Amino acid sequence: TGAMENTITTERRRILAVKFGLNEQYLYQCLTGRRDMKPGQAMQLEIATEGELKRSALCQGSYREIWPDLAATTEPVAAKKPAKKAGKAGATGSK
């Protein structure tokens, strides 16, 4: 699931859906990357929610192409796995 989905509770998603006239399952699908919202609608929601809902979360599959400047400054929406630490297995230290 997307990171935004992890930060918005089911109840909050329902409230936002009702407030903005959206189907709650459609909002869920957008927030989890299953569907992309129309760009204009995503922009309106980001503004109306003062950033609680992000364009990058509502258009996970297409926001990089639609808003390249946003893609350059935004962390990927999906949670990243922690980077593996460089192991010392290859470094023997002997000469």
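Keep in mind that this is a model prediction, so the values were computed, not measured.

## Focus: the pattern of salt bridges
- All chains considered together, the criterion is met by four salt bridges.
- Between Arg12 and Glu52 there is a salt bridge, with its nearest N and O atoms 2.7 Å apart. Of this pair, Arg12 sits in helix α2 (residues 10–19) while Glu52 sits in the loop between α4 (39–48) and α5 (55–58), and the two are 40 residues apart along the sequence.
- Arg12 sits in the partly exposed class, given a relative accessible area of 31%.
- According to the relative accessible area criterion, Glu52 is partly exposed, its value standing at 29%.
- Linking Arg13 and Glu24 is a salt bridge whose minimum nitrogen-to-oxygen distance equals 2.5 Å.

## Concerning unusual backbone geometry
- Positive phi values are uncommon outside glycine, yet Glu50 reaches one of about 55°.
- Mapped onto the secondary structure, Glu50 falls in the loop between α4 and α5.
- For Glu50, a relative accessible area of 77% puts it in the exposed group.

## What to know about the environment of Trp67
- Here Trp67 lies in the loop between α6 (63–66) and α7 (68–73).
- In sequence terms Trp67 and Pro39 are 28 residues apart; their C-alpha atoms lie 9.3 Å from each other.
- Residues in contact with Trp67, not counting those within four places in the same chain, are Pro39, Ala42, Met43, Arg55 and Cys59.

## Thoughts on the packing of aromatic side chains
- Scanning all chains against the criterion turns up zero aromatic pairs.
- Over the face of the ring belonging to Trp67 we find Arg55, whose NZ or CZ atom lies 5.0 Å from the ring centre.

Basis of the calculations
- Residues numbered from 1 in each chain as written.
- Predicted model: local features only at pLDDT ≥ 70, side-chain atom pairs only at ≥ 80, totals over all residues.
- Heavy atoms only, no water.
- Salt bridge = Lys/Arg side-chain N within 4 Å of Asp/Glu carboxyl O.
- Helix = DSSP H or I, 4+ residues; strand = E, 2+ residues; numbered from the N terminus.
- Buried < 20%, exposed > 50% of the residue type's maximum accessible area, 1.4 Å probe, protein only.
- Contact = heavy atoms within 4.5 Å.
- Phe/Tyr/Trp six-rings, centres within 6.5 Å; stacked < 30°, edge-to-face > 60°.
- Lys NZ or Arg CZ within 6 Å of the ring centre and 35° of its normal.

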